[in-house]
Protein chains: 2
Amino acid sequence: MSLADSKQHPDTRKRILDAAEALFVEHGFEATSMRMITSRAGVNLASVNYHFGSKEALIQEVFRRRLAWLNHERLRALDRAEAGAKGAPLKPHQIVEAFFGVSLRMAADTEHGGHTFMRLLGRTYTEPTAFVRQFLADEYAAVVPRFKQALFRSLPDVPPEEILWRFHFMLGAMSYAIAGTDALQLVAEYELDEKDPGALARRLMPFLLGGLRAPLANQPVKPKEKGARRAA
Amino acid sequence: MSLADSKQHPDTRKRILDAAEALFVEHGFEATSMRMITSRAGVNLASVNYHFGSKEALIQEVFRRRLAWLNHERLRALDRAEAGAKGAPLKPHQIVEAFFGVSLRMAADTEHGGHTFMRLLGRTYTEPTAFVRQFLADEYAAVVPRFKQALFRSLPDVPPEEILWRFHFMLGAMSYAIAGTDALQLVAEYELDEKDPGALARRLMPFLLGGLRAPLANQPVKPKEKGARRAA
DNA sequence: GTATGATTAAAACAATCGTTTGAAACGAGC
DNA sequence: GCTCGTTTCAAACGATTGTTTTAATCATAC
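Let me begin by describing the structure that accompanies this report. (Residues numbered from 1 in each chain as written. Chains lettered and ligands numbered in written order. Predicted model: local features only at pLDDT ≥ 70, side-chain atom pairs only at ≥ 80, totals over all residues. Heavy atoms only, no water.)

Describing the relation of the copies chain A and chain B
Each of the two chain copies can be brought onto the other by rotation about an axis and movement along it.
Reasoning step 1: Superposing chain A onto chain B takes a rotation of 180 degrees combined with a translation of 0.0 Å along the rotation axis, leaving an RMSD of 0.1 Å. Expressed as an axis order, the relation between the two copies is that of a two-fold axis.
Reasoning step 2: When the interface residues of chain A are mapped onto chain B, 86% of them are again interface residues, pointing to one common binding face. (Least-squares fit on C-alpha atoms with pLDDT ≥ 70 in both. Contact = heavy atoms within 4.5 Å.)

This is how it looks when you write it as structure tokens:
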């Protein structure tokens, strides 16, 4: 360890992380072997254990290096919105934009690996490996309460429990959309415009807000007339 | 093979399928070993290969035995709704109910394993193992076009592409809600009422419909192809 | 009873897993 | 030149993977 940077070959660590990230999103954690990672990264097999200690520690580092920045940006976006509101409750679309907008912009970044990582993150949300779950819960511990409180203030007439469920649903819609496996071949014919990073966001955001602000279920059902409301 | 049923011990097959189903949703396909399955099922290790041929074939059978019924019910629900409409376009909520309602009712069945299976299915949507993807696409091949067409008729003013994307989002919200990992600990404090199978449906359905019928975003990019059939 | 086909049982197969080892190669300071 | 701490390398470790094998067991028909 010298006074200058301690890393002589900072390449290796990054090459491993990038290769692991790409392989994890493609095959999952278990189906991705150390040999697949190291051969793709062009490094020696033992270097993963040397630099990270274990496969499990590698997985955590894959998440940590990007998730820390992501959640920091989300809090920053929320701070900015609240500063502009001067004490007044935020509008729902501002909160949704702060939380999901950052994710979607990161997912639109295909050059620096943000896209790959968001796909991995979305996929991992439904993959409840014990230690990954705990890790995610810890990483989000500082973010979730802030957004919960902002939403409660923003929607005072909606029961808090209902708000949280809808936040839950929104997270699912986004994760699935970003993970983008399209298992039912629904949108296979309509490829996302690669040149336009905001294409997905412009489709998803209205959906999320529409769901969040939908009328509550236990309202008396009366729409029996033909002229029902439609989109557009 | 006699004229009667050929299965002397139909237990074994079912025990294996049930054990595999439960373990797959808990650990994933790769992390679930044959020995875990057979020991939980209380059968011999070799019986999986004897009855199913391979682990991959077992996975497919786990899906097939329930997915066939699920999709058949979805089509039946759609048929009933269309029969009642007498040629008129269905309302969006009827189509959503036909597709997602069946899923949610199956997910509410904790006694016969429907709940476990729907969790597995939701989890698998974001787990794009090659042969599973192909299998799912085949199983849904008869269902998806029917629902697509019904939605197109129901929402004539919304661009078909937009409808499919929103169907895509709805599927994600439901899958995530059913898979129910709650990675962010959002609704951990509000446990679902186990006694009430419709609890999740009453929360999710309004969200889905709100998202489906949300106002369209103004798209700055003008599609260069075709005559741009948009809402006038 | 015996014969027959289906199912189960225990053991072993080669292959791959994550990890560890010990030596070789490297780079900076003297 | 030499030394020292860091990193890379090839090889091997024991454990576990999915699968196969061979014999034992079962139920039924003759």
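Let's pick the thread back up.
Some remarks on the protein's contact with DNA strand C
Reasoning step 1: By nearness alone, 18 residues border DNA strand C, and Met34, Arg35 and Lys55 of chain A together with Thr12 and His51 of chain B come closest of all.
Reasoning step 2: The sugar-phosphate backbone supplies 51% of the atoms of DNA strand C found within 4 Å of the protein.
Reasoning step 3: With respect to DNA strand C, the backbone of Met34 of chain A contributes an N or O atom lying 2.8 Å from a phosphate oxygen.
Reasoning step 4: Between DNA strand C and His51 of chain B there is a distance of 2.7 Å, counted from a phosphate oxygen to a side-chain nitrogen or oxygen.
Reasoning step 5: Residue assignment for the surface near DNA strand C shows that the elements contributing at least two residues are helix H2 (34–41) of chain A together with helix H3 (46–52) of chain B.
Reasoning step 6: With 3 residues, the top contributor of residues to the surface near DNA strand C is H3 of chain B.
Reasoning step 7: The class makeup of the residues in the surface near DNA strand C is 5 nonpolar, 10 polar and 3 charged. (Near = heavy atom within 4 Å. Polar contact = N/O pair within 3.5 Å; in protein donor to acceptor, adjacent residues only side chain to side chain. Helix = DSSP H or I, 4+ residues; strand = E, 2+ residues; numbered from the N terminus. Nonpolar A, V, L, I, M, F, W, Y, C, P; charged D, E, K, R; others polar.)

Focus: helix H7 (residues 130–139) of chain B
Reasoning step 1: Listed as buried for H7 of chain B are Val132, Phe135, Leu136 and Ala137 of chain B.
Reasoning step 2: The secondary structure elements touched by the buried residues of H7 of chain B are helix H4 (55–85) and helix H6 (114–125) of chain B. (Buried < 20%, exposed > 50% of the residue type's maximum accessible area, 1.4 Å probe, protein only.)

Notes on the interface of chain A and chain B
Reasoning step 1: Each partner contributes residues to the interface: chain A has 63 residues there, and chain B has 66 residues.
Reasoning step 2: Overall, the association of chain A and chain B removes approximately 6,300 Å² of surface from exposure, summing both partners, and the carbon and sulfur fraction of that is 70%.
Reasoning step 3: For the pair chain A and chain B, the number of links is 6 salt bridges.
Reasoning step 4: Linking chain A to chain B there are 9 residue pairs in polar contact (both at pLDDT 80 or more).
Reasoning step 5: Mapped onto the side of chain A that touches chain B, the elements with two or more residues apiece are helix H1 (10–27), helix H6 (114–125), helix H7 (130–140), helix H8 (144–154), helix H9 (160–179) and helix H10 (199–212) of chain A.
Reasoning step 6: With 16 residues, H9 of chain A is the single largest residue contributor to the side of chain A that touches chain B.
Reasoning step 7: A class-by-class count of the residues in the side of chain A that touches chain B yields 38 nonpolar, 7 polar and 18 charged. (Buried area = accessible area lost by both parts, 1.4 Å probe. Salt bridge = Lys/Arg side-chain N within 4 Å of Asp/Glu carboxyl O.)

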